[in-house]
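The residues making up each chain are set out below.
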Amino acid sequence: MLTKIIKGCQQRQRDSQKELYEKFYAYGMSITLRYADSRDQGVEILNDSFMKVFENIRKFDSERPFKPWLRRIIINTAIDHYHRNKKVRELSNYEITENSMAEDEKILSGISYEEIIDMMQELSPAYRAVFNLHVIEGFSHEEIAEKLGISVGTSKSNLSKAKKNLRVILEKNLM
Amino acid sequence: MADNKHNHDSIERLFLEKSEAYHIPFREEDWLKLEKKLDVRDAQRIYRQRVRWIAAASLLLISLLGYLTFENRMIINDLRDQIAEMSDTGSAPQLDPQPDPEPDEVSPGTDPMTDPEEDFQPGIEPGAGIDPDANDIVDGIRPDEMIPPSLEEHYSEIIEGLQDPGDVIADRAPPPLAEEIPRLPGGIVGDDDHETETGAMQITYREIPDPADRAISGIKRFGDEGQDPAYPYIRQPDISSLVSAHKTSEPEPTVSLPAISEEGLAVLEDPRTSRFAAGIMMSPDFSTVGSVSNFYDPGYKIGVSLEYSITARLAISTGIVYSNVRYAAGGDAYGPPPELEQGIPFNDMTGECRLLDIPISLKYQVLNFDRSRIFATAGISSYFMLNERYEFRFSGYENYPEPDQVSYWEEQTGTSHWLSNAGFSVGYERDLDRHWSLRAEPFVRVPVNEVGWANVRLFSMGSFLSINYRM
C-alpha cells in the first residue's frame with residue numbers, strides 16, 4: 001500500500017501526494033509541534049518537510065523504511081527553522097526561576113499530550129531544541145553542538161536549564 | 001542519529017513517553033496550504049521544461065535548415081559540374097542549372113573571380129571557350145597586368161572599332177551581327193555563334209547581364225529564344241578567347257581586354273571589403289554536467305567578438321565572453337577535491353560559476369543570399385574561472401547527513417582551463433547596412449576537459465544574438 005503511494009508520488013501524482021501527507025500528518029505534527037512555538041509554525045515546518053520529501057522522493061529507496069527517512073527530514077527542517085529565527089529571539093525572557101517540583105508519578109501520568117506540547121512550547125527555542133534532540137531524538141551533545149552550531153558545553157547547559165524550566169512549568173500547571 | 005541509551009531522569013521519561021502518545025486529527029486546510037506550494041513548484045518545473053524543449057527544437061530546426069540548404073547547394077554544384085563536362089565533350093547541355101534562390105553577394109575581402117560559383121553567369125557555358133592559360137587570369141591576376149603593354153596600346157583602337165561594345169541586348173531578336181559587330185581592326189569579325197574568326201585568331205563573345213539590372217542575375221539564361229529574354233545583356237569579348245588569340249596569332253594581335261572584371265574589382269574597393277569585423281553578443285546559457293538531460297536554472301553569456309575573413313566564405317574569430325553558468329549535478333558527475341568529501345558522498349549539488357570564455361573558431365559561410373547568409377562555426381574555448389559557488393545536498397546513507405542537509409562552498413578560484421570545450425554553432429546573419437549586421441547563432445559547447453574546482457564536464461547550449469560591425 002505504502003509502496004504504491006510512494007510510486008505515485010515519484011510520478012508526481014497529486015492524489016498520491018495527498019494520501020501520503022494525510023497518512024503521516026499526525027506523525028509529522030507530533031514532531032514539529034515539539035520544536036515549534038505554535039501550531040501554525042508546526043504546520044509550516046511540516047509542509048516545508050513534505051516539500052522536501054516530494055522533491056527527493058524519486059531518490060528514495062523503497063526497500064528501506066519510509067518513516068525514519070521522513071523523521072530525519074522533519075527534524076532537519078525544524079533545525080533549519082531554528083537557525084532562521086535565531087536572531088530574533090530574546091532568550092532572557094524565557095528564564096524561569098527554579099523551584100522544587102512535586103514529582104508525583106500519578107499526577108504526571110494524567111497529563112495529556114497536548115499539555116506536554118504546550119509546556120514545551122513555553123521553553124525558549126534554544127532550550128527546546130536541545131531538549132528535543134537529546135531527550136526525544138537521542139542525539140549526543142557532540143551531535144547537537146554540530147547541528148545547532150553551538151559548543152558542547154552550551155548544549156549541556158541548555159539541556160539542564162530546559163529541564164529545570166520544565167519542572168517549574170509542570171509545578172505551575174499542577175498547582 | 002544516536003541511540004537513545006543514556007539514563008533518563010523522571011522529567012525526561014515523562015516527556016519521552018508522552019511525546020509518543022499523540023493524537024492529532026488531519027486538517028484539510030493544512031493540505032491546501034501545501035498544495036498551493038506544490039502547484040507553484042510544478043508550474044516552475046513545467047516552465048523550465050518548456051524552455052529546454054523550445055531551445056532544443058530551435059537548435060534542431062536551424063541545424064536541419066542549414067543541412068538542407070547545404071545539401072541543395074551541393075546538388076546545384078553537381079549539376080553545374082555535369083553541364084561543364086557535357087560542354088567539354090561537345091554535347092549540348094540538356095539541363096539548365098538551377099539558379100540560387102537569391103543571387104550570391106560577393107563577400108568582402110575576396111576576389112570574386114576566384115570563386116567558380118560566383119563566376120557563373122547566365123548565358124555563359126561553364127568552361128566553354130576557356131583557354132587553360134586564361135585560368136591564370138581568372139586565378140587572380142588583373143587582366144591589365146596580363147596583357148603586354150603593346151596590347152594596351154591597341155586596346156582603344158579595338159574598342160573604337162567595335163560599333164558599341166556595351167550595347168544592351170534587350171530585343172527578342174538581336175540585330176544582325178554584321179551591324180552590331182563590324183569588322184575589327186586586324187580582321188576580327190563577330191559571328192552569330194558569338195565567335196569571331198580571322199585567320200589564326202578566334203575571339204569568343206559572350207553576353208553578361210547588365211549590372212544595372214540585378215534582378216536578371218541568376219534567374220534567366222541568355223539565348224532562350226523561345227522564352228522571354230526581355231532582360232538586358234551586355235556583349236563582351238571573352239577573356240580566354242582574347243588571350244588565346246593573343247598567344248596564337250602572328251604577329252601579336254592588337255587586342256586588349258574589355259573591363260569584364262571591373263565589377264569584381266569594384267567590390268574589392270568597396271569599404272565593406274574590410275576583412276575585420278567586431279561584434280557584441282549575448283545569450284542565455286543552459287548548462288549541465290555529466291549528461292545533456294539534467295538542466296538547472298538558465299545563466300547567461302555576454303561578450304565581444306573579433307572576426308577576420310580569410311576568404312569570402314572562411315573566417316577566423318575570437319572574443320571574450322563573460323559567462324554566468326548554473327548547473328545541477330549528481331554525486332557521480334561531481335569530483336571536488338577529496339578534503340571536502342570527508343568520506344561522505346553527495347546526493348546532488350548545484351553550482352553557479354562566473355567565468356571568462358575565450359573562444360577561437362572557424363566560420364564558414366554555407367549560403368550567401370542577397371543581404372543575408374547562413375554560416376556554421378567550429379572551434380575551441382578556454383575557460384577562466386572567476387568565482388565558483390556550490391551547494392551540496394546529502395541523503396540516503398545511515399550515519400550520513402540527512403537528505404535536506406545542505407552545505408556551501410564558494411571561492412574566487414581564478415583557475416585556467418585551456419582548450420577545455422569544443423564549440424559548434426549554426427547561425428544566420430542579416431545585413432542592416434554596409435557595415436552593420438545582426439546575427440542569431442544557436443550554439444553547443446561540449447567538454448574536452450574537466451573544468452572548475454569541481455572538475456566537471458560542462459555541456460552548454462544557448463543562442464547568441466549579436467550586432468556586428470564590419471570595419
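Our subject in this report is the structure included herewith.

Rules of the game
Residues numbered from 1 in each chain as written. Chains lettered and ligands numbered in written order. Predicted model: local features only at pLDDT ≥ 70, side-chain atom pairs only at ≥ 80, totals over all residues. Heavy atoms only, no water. Core = buried A, V, L, I, M, F, W, Y, C linked by side-chain atoms within 4.5 Å. Buried < 20%, exposed > 50% of the residue type's maximum accessible area, 1.4 Å probe, protein only. Helix = DSSP H or I, 4+ residues; strand = E, 2+ residues; numbered from the N terminus. Contact = heavy atoms within 4.5 Å. Buried area = accessible area lost by both parts, 1.4 Å probe. Salt bridge = Lys/Arg side-chain N within 4 Å of Asp/Glu carboxyl O. Polar contact = N/O pair within 3.5 Å; in protein donor to acceptor, adjacent residues only side chain to side chain. Nonpolar A, V, L, I, M, F, W, Y, C, P; charged D, E, K, R; others polar. Axes fitted to C-alpha atoms, helices over the stretch in contact; angles between N-to-C directions. Parallel < 35°, antiparallel > 145°, perpendicular 65-115°, else oblique. Left-handed = near helix turned anticlockwise from the far one by under 90°. Arc of directions from axis to C-beta.

## Section: the nonpolar core
- The biggest cluster of nonpolar side chains holds 61 residues, and the ones touching the most others in it are Leu-20, Phe-50, Val-53 and Phe-66 of chain A together with Phe-15 of chain B.
- Ranked by the residues each element gives to this core, the list is headed by helix α5 (residues 66-84) of chain A, at 9 residues.
- Core analysis: the next-biggest nonpolar cluster, separate from the first, contains 17 residues, Val-325, Tyr-327, Leu-355 and Met-385 of chain B among them.

## Focus on the interface of chain B and chain A
- Of the residues lining the interface, 43 residues belong to chain B; the matching set on chain A comes to 56 residues.
- Across the chain B/chain A interface, buried area totals approximately 4700 Å², and carbon plus sulfur atoms make up 58% of it.
- Our count for the chain B to chain A interface comes out at 7 salt bridges.
- Taking the shortest distance from any N to any O, the salt bridge between Asp-48 of chain A and Lys-37 of chain B comes out at 2.8 Å.
- Taken together, the connections running from chain B to chain A amount to 8 residue pairs in polar contact (both at pLDDT 80 or more).
- Those elements that place two or more of their residues in the side of chain B that touches chain A are α1 (10-20) and α2 (28-88) of chain B.
- When residues in the side of chain B that touches chain A are grouped by element, the largest group, 12 residues, is from α2 of chain B.
- Residues that form the side of chain B that touches chain A fall into these classes: 16 nonpolar, 9 polar and 18 charged.

## Concerning the packing of α5 of chain A against helix α8 (residues 125-136) of chain A
Residues and elements named next belong to chain A.
- Across the interface, α5 lies against α8 with an axial gap of 11 Å and an inter-helix angle of 160°. Accordingly, the angle class assigned to the pair α5 and α8 is roughly antiparallel. You can see that α5 and α8 cross each other, and the crossing is left-handed. Together, Arg-71, Ile-75, Ile-79 and Tyr-82 of α5 and Pro-125, Ala-126, Ala-129, Leu-133 and Ile-136 of α8 make up the contact between the two elements.
- In the contact of α5 with α8, the residues fall into 8 nonpolar, no polar and 1 charged.

## Description of helix α9 (residues 141-148) of chain A
Residues and elements named next belong to chain A.
- Taken together, the buried positions of α9 are His-141, Ile-144, Ala-145, Lys-147 and Leu-148. Seen along its axis, α9 keeps its buried residues to an arc of 170°; they face one direction. Residues of α9 that are exposed and angled more than 90 degrees away from the buried face: Glu-142 and Glu-146.
- At the C-terminal side of α9, Gly-149 shows a positive phi close to 70°.

## Let's talk about the environment of Ser-38 of chain A
All names here are of chain A.
- Looking at the element boundaries, Ser-38 is found in the loop between α3 (25-35) and α4 (39-56).
- A residue is classified by how much of its surface remains accessible, and Ser-38, at 30% relative accessible area, is partly exposed.
- Along the backbone, Ser-38 and Ile-117 are 79 residues apart, and their C-alpha atoms lie at a distance of 9.5 Å.
- The residues touching Ser-38, leaving out its near neighbours within four places in the chain, are Leu-33 and Gln-121.

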